[in-house]
Amino acid sequence: MTKPVRVAVTGAAGSIDYSLLFRIASGDLLGKDTPVILQLIEITPAMQALEGVAMEINDCAFPLLQDMILTDDLNKGFDGANLALLVGGMPRKAGMERADLIRANGPIFTGQGKAINDNAADDVRVAVVANPCNTNALIAMHSAPDVPNERFTAMTRLDENRAKSQLAAKAGVAVADVKKMGIWGNHSNTMYPDFFNATIGGKPATEVISDHAWLKGDFISTVQQRGAAIIKARGSSSAASAANALIDHVRDWFTVTPEDDFHAMAVPSDGSYGVQEGLIYSFPVRCDGKGGYEIVQGIELNDFSKEKLKVTEAQLLEEREVVADLLT
Ligand code: NAX
């Protein structure tokens with residue numbers, strides 16, 4: 001039988017993970033013939049709730065689930081992990097500025113980065129969901145000097161999926177017809193969903209959708225503000241769609257990206273498109289099916305797009321300043 005993959009997941013008693021863990025255990029993440037060991041990490045006060053989640057997972061009798069570890073000890077939680085999915089964090093509270101949120105979460109990711117560095121498997125790959133996810137990934141990456149930088153990613157796949165769904169609805173086509181939907185920059189309201197390079201049924205999205213004022217205006221702001229719109233409508237933040245996007249993010253990291261498509265992943269910048277090297281910045285990427293990826297080169301960016309890329313880069317540089325002391 002194939003060796004089980006160890007998947008460490010933080011925030012395991014939280015909302016996103018309540019939609020995520022069952023899908024991982026059922027084979028949606030790694031395929032229907034790959035056994036999995038879940039290493040579920042929580043803070044001490046949430047351990048009892050985590051026991052309840054684990055009882056439900058057990059009650060599903062998933063054939064692929066070989067073992068489950070529940071812990072509030074990071075070293076144990078990341079021990080031998082092949083995948084580290086960093087979902088847990090401190091949520092934004094009323095009256096908190098973005099800088100306060102960044103400061104409150106920073107130390108969590110120095111600790112998790114170090115524990116990954118010291119305990120995870122040699123092939124570990126990390127995906128950060130907890131906000132501010134780009135900067136949290138940057139902190140974790142700096143705290144894990146023995147893990148290659150390119151293994152640290154942050155999730156902008158939910159933004160890609162949201163953008164695809166908006167374009168499909170506007171064009172009156174199936175969502176599968178929308179491809180090359182790049183998301184650039186920060187997972188925040190400065191992100192840039194680049195419709196200029198997106199395709200619908202193989203044609204440029206700007207040819208299929210003639211309402212360019214909508215593309216430049218409402219489309220961008222709808223994608224940027226979608227998280228807030230979900231909170232307003234549902235009374236709590238995106239959970240199942242975020243879990244689904246994380247499944248997409250990790251599964252496609254290990255899948256050869258078709259030639260006519262690419263995906264959005266926030267990855268360490270190598271200076272492509274003039275983005276400051278080292279920032280965790282969302283680019284269009286293509287994956288090689290073996291856990292490697294490359295930033296897609298040669299994408300044409302007009303002045304409108306270049307300006308948007310700069311705005312979101314500036315925000316990431318500001319966030320980096322706020323946590324400069326944690327980037328050892
Ligand atoms: P919840 O508040 O429901 O759950 C978070 C869980 O994390 C809690 O159970 C908490 O005990 C745990 N936790 C807190 N600190 C921890 C630590 N140091 N180690 C381990 N666990 C810890 O939040 P949920 O709705 O699940 O959202 C989780 C994170 O995802 C939030 O930071 C949220 O902002 C972020 N999101 C990111 C998205 C993205 O696209 N990148 C979209 C959805 C979501 O907003």
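All of these numbers come straight from a predicted model, not from anything done at the bench. (Residues numbered from 1 in each chain as written. Predicted model: local features only at pLDDT ≥ 70, side-chain atom pairs only at ≥ 80, totals over all residues. Heavy atoms only, no water.)

Topic: the packing of helix 4 (residues 98-119) against helix 5 (residues 133-142)
Close contact between helix 4 and helix 5 brings their axes to 7 Å; oriented N to C, the two are set at 35°. Helix 5 is crossed by helix 4, and the crossing has right-handed handedness. Facing Ile 102, Asn 105, Gly 106, Phe 109, Thr 110 and Gly 113 of helix 4, the residues of helix 5 in contact are Thr 135, Asn 136, Ile 139 and Ala 140. Taken together, the residues of the contact of helix 4 with helix 5 break down into four nonpolar, six polar and no charged. (Axes fitted to C-alpha atoms, helices over the stretch in contact; angles between N-to-C directions. Helix = DSSP H or I, 4+ residues; strand = E, 2+ residues; numbered from the N terminus. Left-handed = near helix turned anticlockwise from the far one by under 90°. Contact = heavy atoms within 4.5 Å. Nonpolar A, V, L, I, M, F, W, Y, C, P; charged D, E, K, R; others polar.)

Focus: the UniProt feature "active site" (unreviewed entry) in the protein
Using the residue numbers shown here, the UniProt feature "active site" (unreviewed entry) corresponds to His 187. As for its position among the elements, His 187 is in the loop between strand 8 (182-184) and strand 9 (192-194). Setting aside chain neighbours within four positions, we find His 187 in contact with Arg 98, Asn 131, Cys 133, Asn 134, Met 155, Thr 156 and Asp 159. (UniProt positions renumbered as here; feature names shortened; annotations may be inferred.)

Some details on unusual backbone geometry
With an omega of -5°, the peptide bond between Asn 131 and Pro 132 qualifies as cis. Residue placement: Pro 132 occurs in the loop between strand 5 (125-128) and helix 5. Residue Ala 61 is not a glycine yet carries a positive backbone phi of 50°. Here Ala 61 lies in the loop between helix 2 (47-59) and strand 3 (65-71). The phi dihedral of Lys 180 falls on the positive side, at around 55°, and the residue is not glycine.

A word on the packing of aromatic side chains
Within the structure shown, the criterion is met by 12 aromatic pairs. For the pair Trp 214 and Phe 219, a centre-to-centre distance of 5.5 Å together with 45° between the ring planes defines the contact as tilted. Feature note: the residues Tyr 192, Phe 195, Phe 196, Trp 214, Phe 219 and Phe 304 constitute an aromatic cluster, connected by ring pairs. Its guanidinium or amino end placed over the ring of Phe 304, Lys 216 lies 5.3 Å from that ring's centre, counting from NZ or CZ. (Phe/Tyr/Trp six-rings, centres within 6.5 Å; stacked < 30°, edge-to-face > 60°. Lys NZ or Arg CZ within 6 Å of the ring centre and 35° of its normal.)

A short note on the sheet that holds strand 10 (residues 199-200)
Taken in spatial order, the three strands make up an open sheet running 7-10-11, and their pairing is antiparallel. In this open sheet, the two edge strands, each paired with only one partner strand, are strand 7 (178-179) and strand 11 (203-204). Two elements, strand 10 and strand 11, share two bridges in a ladder whose sense is antiparallel. In the strand pairing of strand 11, Ile 200 is matched with Lys 203. (Pairing = 2+ DSSP bridges.)

A closer look at the site of the ligand
Surveying the vicinity of the ligand reveals 25 residues, the closest of which are Ser 15, Ile 16, Glu 42, Val 129 and Asn 131. Within the side chain of Ser 15, an N or O atom sits 2.9 Å from an oxygen atom of the ligand. In this structure, Asn 131 approaches the ligand through a side-chain N or O atom, which is 2.9 Å from an oxygen atom. Isolated, the ligand exposes 880 Å² of accessible area, and the fraction of that covered by the protein chains is 82%. Every element with two or more residues in the shell around the ligand is listed here: helix 1 (15-26) and helix 4. Its residues assigned to classes, the shell around the ligand shows 13 nonpolar, 11 polar and one charged. (Near = heavy atom within 4 Å. Polar contact = N/O pair within 3.5 Å; in protein donor to acceptor, adjacent residues only side chain to side chain. Areas by Shrake-Rupley, 256 points an atom, 1.4 Å probe, with all protein chains shown as cover.)

Details of the UniProt feature "binding site: substrate" (unreviewed entry) in the protein
The positions that UniProt labels "binding site: substrate" (unreviewed entry) are, in the present scheme, Arg 92, Arg 98, Asn 131 and Arg 162. The named residues occupy 71 residues along the chain; their greatest pairwise C-alpha distance, 22.7 Å, places them well apart from one another. Structurally, the position occupied by Arg 92 is in the loop between strand 4 (83-86) and helix 4. Leaving out residues up to four positions away in the same chain, Arg 92 has contacts with Glu 97, Arg 98 and Leu 101. Inspection of the secondary structure puts Arg 162 in helix 6 (residues 157-171).

Some remarks on the confidence of the model for the protein
Put simply, the protein has an average pLDDT of 96, and 100% of its residues get 70 or more. In the predicted complex, the global pTM is 0.98; the interface-specific ipTM is 0.98. (pLDDT = per-residue confidence, 0-100.)

Structural notes on helix 6
Between its first and last C-alpha atoms helix 6 spans 21 Å; for 15 residues at 1.5 Å apiece the expected length is 21 Å, and the two agree. When helix 6 is considered as a whole, its buried residues turn out to be Arg 157, Leu 158, Asp 159, Glu 160, Asn 161, Arg 162, Ala 163, Lys 164, Gln 166, Leu 167 and Ala 168. The positive-phi residue at the C-terminal boundary of helix 6 is Gly 172, with phi of around 70°. (Expected span 1.5 Å × (residues − 1). Buried < 20%, exposed > 50% of the residue type's maximum accessible area, 1.4 Å probe, protein only.)

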